[in-house]
Amino acid sequence: MGLLDESVRMALRGRVLAGDVKPELDGKGVNLFGWVHEIRDLGKLVFILLRDVSGICQVVFRMEEVEQSVRDAVRGLTNESAVFVEGVVVKQPRSKLGVEVVGKRLTVLGRAVPKLELDPTGKVSAGLDARLRHRILDLRRPEVRAVFLVGSQVLKAMRDFFHMKGFVEVRTPKLIGSATEGGAELFEVKYFDRVAYLAQSPQLYKEQLTTVFEKVCEIGPYFRAEASHTGRHISEFTSVDIEQAFADMYDVMDVLEELVVHVHRHLVENHQHLLQMLGVNLRVPKRPFKRFTYDEALEILRSEGVELRWGEDFGTPHLRILGKKYTGYYFITHFPTESKPFYIQETEKDPRVSESFDLMYQWLELASGGTRVSDHDVLERKLREKGLNPAMFEDHLKVFRYGMPVHAGWGLGFERFLMVLTRRTNIRETVLFPRDRFRLTP
RNA sequence: GCCCAGGUGGUAUAGCCAGGUUAGCAUCGCCGGCUGUCGCCCGGCGGACCCGGGUUCAAAUCCCGGCCUGGGCGCCA
């Protein structure tokens, strides 16, 4: 009898989730569908922990009180098989949850092979590499799954927030035609009889779109062909971007702050159970976040005995020092123009300083943004200064002749944000199927 | 790309420094036993030294190269 059997289909309509099996249901007959999380065979008494998306509940089979066919089915069970259990809920103080289901019938809907590569109960620990090689089994572990349930809630909270604030969610191309933007290495792909590249950022498109929608946001995948090997870089990642017309860096920093607070509040108020599963005690950060300038950061480093030449960018060791001093979220602003891309606006007072900012969490860079250049001629000049050919940017430049307002925006690394929220230390743990220098499967 | 550490049953590890044992422990899988487990327990069985080369009477162990993994750094719109 399989899932397609008519009686199983009927039973599915009266399905009760494992997480909904409560002592109050005492005496009620239930149909449970899920996976065999654990089997404890005591002989005439067999305990099965049944796991579904909602949680885990205990089913007990009294072997002398069920039919022979059920006994055979129970005896032949393997861990992680997909099953259908019919039983009766009983209040049971001897069970940890105070309730269990006395199993009457058991149907194996999808048998799992006996010797799994990974143990979804987590009794035997596994290294990250082994976990990622057998990712689906790894994801069945409640704690691992919780990372992505939180991730889904973060996405929801962010979208709610953006809509509330009047942002229009847009989708820009991930296949692009020119590799002239500079910076990170691009992945090449065959595009009919030409070469195309995978997008590494929506930057130019989102700026252009502010002249249409004023406030745009995008949550999308980007690709960087860097040979990086760290716990916070992967070659395919998700970026949360906004761009806003008639706004400067301070306006969008406020948006970013509010977003971070909104996401925290959503999780803390509505999803404590997920946070508990992750062992995370999350607190809603207070606004405004600490803000200091690049120059002030240099001073802080100097006071810690680290001398940095003005204009030099921070290395990871420098950020670790700052992160030790400033726990939680904070902004570093006004980076040297030199270290920023061509589209970042210089300050009026000093062209060597830019209207830019990074959002940090301890030593981890989460987001960066700033006021953008909105003047056509300045943009053209800055392209040249960065050694880029303005002719290659004609599609972009021409928009700046169509009435370009002052605008600002930022990009936030979604997985890095999720690392912070779920307290994971390797970014690969926050991606279902991570792609890095050496990993292209599964 | 660089530095450090590592690669032993499906998983996680001990053994390696100081070469020679039946390669140990746990989990896992199979078989048997158990009516209150909740990391169930008890007994039996099964399964492994990353690849290539070298040194040696003898290599999991020492040396060289490769591949891969973890951590750190760099790179990084």
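Keep in mind the model is a prediction, meaning the values are calculated, not measured.

## Looking at the overall build of chain A
Secondary structure assignment for chain A yields 13 helices and 16 strands. Taking the principal axes of its C-alpha atoms as reference, chain A extends roughly 85 × 55 × 40 Å. Expressed as a percentage of contacts within chain A between residues at least 6 apart in sequence, the contacts between residues at least 24 apart total 64%. Carbon together with sulfur atoms contributes 52% to the accessible area of chain A, which is approximately 22000 Å² in total. Mean positive and mean negative side-chain charge positions of chain A (64 and 62 charges, respectively) differ by 7 Å.

## Some thoughts on the sheet that holds strand β3 (residues 55–62)
As summarised here, the arrangement of the five strands in space is β1-β2-β3-β5-β4, forming a closed barrel in which the pairing is mixed. Within the sheet, the average angular offset between the axes of one strand and its neighbour, ignoring direction, is 55°. Across the sheet, helix α2 (residues 68–75) touches β1 (29–41), β2 (45–52), β3 and β5 (99–110), and the angle it forms with β5 is around 80°.

## Concerning the nonpolar core
Counting 48 residues, the largest nonpolar core has Val-154, Met-158, Phe-162, Tyr-329 and Trp-410 as the members making the most contacts within it. Ignoring any residue separated from it by four or fewer positions in sequence, one finds Tyr-329 in contact with Val-260, His-264, Pro-285, Phe-289, Lys-290, Leu-359, Met-360, Tyr-361, Leu-366, Phe-417, Val-420 and Leu-421. Among the nonpolar cores identified, the runner-up in size contains 24 residues, and Ala-18, Val-21, Ile-48 and Val-59 belong to it.

## Notes on the pattern of salt bridges
As enumerated under the stated definition, the model contains 39 salt bridges in all. Across the pair Glu-312 and Arg-309 runs a salt bridge whose closest N-O atoms are separated by 3.7 Å. Its salt-bridge partner being Glu-394, residue Arg-401 comes within 2.8 Å of it at the nearest N-O pair. Classification of Arg-401 by relative accessible area gives partly exposed; the value is 48%. If you follow the salt bridges from partner to partner, you end up with Lys-165, Asp-254, Glu-257, Glu-258, Arg-287 and Arg-291 in one network.

## Some points on helix α6 (residues 203–213)
Along α6, the residues that are buried comprise Gln-203, Leu-204, Lys-206, Glu-207, Gln-208 and Thr-210. Looking at the buried residues of α6, the elements they touch are β10 (215–223), β11 (236–245), α12 (394–397) and β16 (407–413). One or two steps after α6, the chain reaches Glu-214, where phi turns positive at roughly 70°.

## As for the domain arrangement of chain A
Once the domains are mapped, chain A shows domain 1 (2–110) and domain 2 (138–430). For domain 1 versus domain 2, the distance between C-alpha centres works out to 47 Å.

## Examining unusual backbone geometry
As a rule of thumb, non-glycine residues mostly have phi less than zero, and peptide bonds are mostly trans rather than cis. In this structure, Pro-288 follows Arg-287 across a cis peptide bond, with omega equal to -10°. Take Pro-288: it is sitting in the loop between α8 (272–277) and β12 (290–293). With omega at -5°, the peptide bond leading from Thr-441 into Pro-442 counts as cis. Looking at where Pro-442 falls in the secondary structure, it is placed in the segment after α13 (414–422). Notably, His-334 is not glycine yet its phi reads approximately 55°, a positive angle. Relative to the helices and strands, His-334 is located in the loop between β13 (329–333) and β14 (356–361).

## Let's talk about the environment of Val-89
Locating Val-89 in the fold gives a position in strand β4 (residues 82–91). C-alpha separation for the pair Val-89 and Val-252, spaced 163 residues apart in sequence, amounts to 54 Å. When sequence neighbours within four positions are dropped, the list of residues in contact with Val-89 reads Val-21, Lys-22, Leu-25, Asp-26, Gly-27, Lys-28, Val-30, Val-99, Glu-100 and Val-101.

## A short note on a nonpolar patch on the surface
On the surface, Ile-136, Leu-432 and Phe-433 cluster together into a nonpolar patch covering about 260 Å² of accessible area. Within the fold, Phe-433 resides in the segment after α13. With a relative accessible area of 36%, Phe-433 lands in the partly exposed category.

## Digging into the packing of helix α5 (residues 142–164) against helix α7 (residues 249–270)
Where α5 contacts α7, the two axes come as close as 9 Å, and the packing angle between them is 135°. Taken together, α5 and α7 sit at an angle that is classed as oblique. The way α5 lies across α7 gives a crossing that is right-handed. Listed contacts from α7 to Val-150, Gln-153, Val-154, Lys-156, Ala-157, Met-158, Asp-160, Phe-161, Phe-162 and Met-164 of α5 are Val-255, Glu-258, Leu-259, His-262, Val-263, His-266 and Leu-267. In terms of residue class, the contact of α5 with α7 is made up of eleven nonpolar, three polar and three charged.

## Let's talk about empty space enclosed by the protein
Summary: where empty space remains is shown by rolling a probe the size of a single water molecule over the atoms. A complete count under the given rule lists one cavity of 30 Å³ or more for this structure. In this structure, the largest cavity occupies an estimated 40 Å³ of space. Forming the boundary of the largest cavity are Arg-62, Glu-65, Val-66, Val-102, Gly-103 and Lys-104. Looking at the lining of the largest cavity residue by residue, the classes come out as two nonpolar, one polar and three charged.

## Observations concerning the sheet that holds β11
Sheet strands pair by backbone hydrogen bonding; their relative direction is either parallel or antiparallel. Taken in spatial order, the eight strands make up an open sheet running β6-β10-β11-β16-β15-β14-β13-β12, and their pairing is mixed. In this open sheet, the two edge strands, each paired with only one partner strand, are β6 (168–169) and β12. Here β6 runs beside β10; their pairing, made up of two bridges, is parallel. From the neighbouring strand, Glu-169 faces β10, where its bridge partner is Cys-217. The strands that α5 touches are β6, β10, β11 and β16; relative to β10, the one it contacts most, it runs at about 150°. Set on the sheet, α6 makes contact with β6, β10, β11 and β16; between it and β11 the angle comes to about 35°.

## With respect to the environment of Leu-132
Within the secondary structure layout, Leu-132 lies in helix α3 (residues 128–133). For Leu-132, a relative accessible area of 3% puts it in the buried group. Each C-alpha atom, one on Leu-132 and one on Leu-418, is 18 Å from the other, the two residues being 286 residues apart in sequence. Those residues in contact with Leu-132 that sit more than four places away from it in its chain are Arg-428, Pro-434, Arg-439 and Pro-442.

Quick notes on the rules
- Residues numbered from 1 in each chain as written.
- Chains lettered and ligands numbered in written order.
- Predicted model: local features only at pLDDT ≥ 70, side-chain atom pairs only at ≥ 80, totals over all residues.
- Heavy atoms only, no water.
- Helix = DSSP H or I, 4+ residues; strand = E, 2+ residues; numbered from the N terminus.
- Contact = heavy atoms within 4.5 Å.
- Areas by Shrake-Rupley, 256 points an atom, 1.4 Å probe, with all protein chains shown as cover.
- Lys, Arg positive; Asp, Glu negative; His and termini not counted.
- Charge placed at Lys NZ, Arg CZ, Asp CG, Glu CD.
- Pairing = 2+ DSSP bridges.
- Axes fitted to C-alpha atoms, helices over the stretch in contact; angles between N-to-C directions.
- Core = buried A, V, L, I, M, F, W, Y, C linked by side-chain atoms within 4.5 Å.
- Buried < 20%, exposed > 50% of the residue type's maximum accessible area, 1.4 Å probe, protein only.
- Salt bridge = Lys/Arg side-chain N within 4 Å of Asp/Glu carboxyl O.
- Domains from an automatic or database assignment.
- Patch = residues over 30% accessible without salt bridge, like charges linked within 9 Å, V, L, I, M, F, W, Y side chains within 5 Å.
- Parallel < 35°, antiparallel > 145°, perpendicular 65-115°, else oblique.
- Left-handed = near helix turned anticlockwise from the far one by under 90°.
- Nonpolar A, V, L, I, M, F, W, Y, C, P; charged D, E, K, R; others polar.
- 1 Å grid on protein atoms, 1.4 Å probe; cavity = no way out; pocket = protein on both sides within 12 Å on 5 of 7 lines; lining within 4 Å.
- Points joined across faces, edges and corners; volume = space filled by probe spheres on them.

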